[in-house]
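Architecture and fold: a report
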Amino acid sequence: GAGVSQSPSNKVTEKGKDVELRCDPISGHTALYWYRQSLGQGLEFLIYFQGNSAPDKSGLPSDRFSAERTGGSVSTLTIQRTQQEDSAVYLCASSLRAAGLYEQYFGPGTRLTVT
Amino acid sequence: AQSVTQLDSHVSVSEGTPVLLRCNYSSSYSPSLFWYVQHPNKGLQLLLKYTSAATLVKGINGFEAEFKKSETSFHLTKPSAHMSDAAEYFCAGGGSSASKIIFGSGTRLSIRP
């Protein structure tokens, strides 16, 4: 079946502009996760959803970052007034449930470059 | 697992020699443990997972990992490295009472010809 998809695959934006990143999880997966990966670095957890609720927003770096999920499916991560330090690959993952028992399935990522 | 530690940030081996990537976890209950691989400019792919059925877990591409409770370890091994194994590897852990799995900081595996 279809895996996790993310769009766009690449995004170049000017400093100060807003961007929206989209994630389509695997059908039937109720949990969805956003991570950030800077060049050569590990995974930085941003936020996760169980259904449309976000119980843990602790990883969002600043109030310029927000995310929503609608219909228990598609999620968008919005970065307002982008800064150069926001440049990174943003990865989305989904799992059957939001629990530590379930593996996460990752999308290919969106590479964001802020100039 | 409540935390996951990958002991080596970079491992380099010669093609055809064994691979060992080390991972330790901390947990007060039975963990679920995972290994993922990330090839350049790709997302993460699940290699294998442990969920208490068997301590030796076989994954894709000839990799396997052994859960050792006494050592709180879940090291990833492969008998013979191939050039295509060059990638970043992430160990991850969770458990029944965790809301998500926690990722280690990653180990970059390089393969020398």
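**Remarks on the overall build of chain A**
A count of helical and extended segments in chain A gives 0 helices and 11 strands. Secondary structure elements in chain A, listed N-terminal to C-terminal, are β-β-β-β-β-β-β-β-β-β-β. For chain A, whose C-alpha radius of gyration is 13 Å, the value lies close to the compact-globule estimate of 13 Å for 115 residues. Classification of the 115 residues of chain A by burial places 48% in the buried group. Sequence separation of at least 24 residues holds for 55% of the intrachain contacts in chain A that already meet a minimum separation of 6. Entry remark: accessible area of chain A is about 5,300 Å², with carbon and sulfur atoms responsible for 45%. Distance from the positive charge centre (11 side chains) to the negative charge centre (11 side chains) of chain A: 2 Å.

**Some points on the side chain of Ser73(B)**
Residue and element names in this part refer to chain B. Within the secondary structure, Ser73 is located in strand β9 (residues 73-78). Residue class for Ser73 comes out buried when judged on its relative accessible area of 1%. In contact with Ser73, other than residues within four places in its own chain, are Cys23, Asn24, Tyr25, Glu66, Phe67 and Lys68.

**Some words on the sheet that holds strand β3 (residues 19-24) of chain A**
All names here are of chain A. Taking strand neighbours across the sheet as the criterion, the 4 strands line up as β1-β3-β8-β7 in an open arrangement whose pairing is antiparallel. Edge positions in the open sheet fall to β1 (5-7) and β7 (65-69), since each of these has one partner strand only. Averaged over all pairs of adjacent strands, the angle between strand axes in this sheet comes to 15 degrees, irrespective of strand direction. Relative to strand β8 (residues 75-79), β3 runs antiparallel, the two sharing 5 bridges. The partner of Val19 across the bridge, within β8, is Ile79.

Cut-off values and rules
Residues numbered from 1 in each chain as written. Chains lettered and ligands numbered in written order. Predicted model: local features only at pLDDT ≥ 70, side-chain atom pairs only at ≥ 80, totals over all residues. Heavy atoms only, no water. Helix = DSSP H or I, 4+ residues; strand = E, 2+ residues; numbered from the N terminus. Rg over C-alpha atoms; globule rule 2.2 N^0.38 Å. Buried < 20%, exposed > 50% of the residue type's maximum accessible area, 1.4 Å probe, protein only. Contact = heavy atoms within 4.5 Å. Areas by Shrake-Rupley, 256 points an atom, 1.4 Å probe, with all protein chains shown as cover. Lys, Arg positive; Asp, Glu negative; His and termini not counted. Charge placed at Lys NZ, Arg CZ, Asp CG, Glu CD. Pairing = 2+ DSSP bridges. Axes fitted to C-alpha atoms, helices over the stretch in contact; angles between N-to-C directions.

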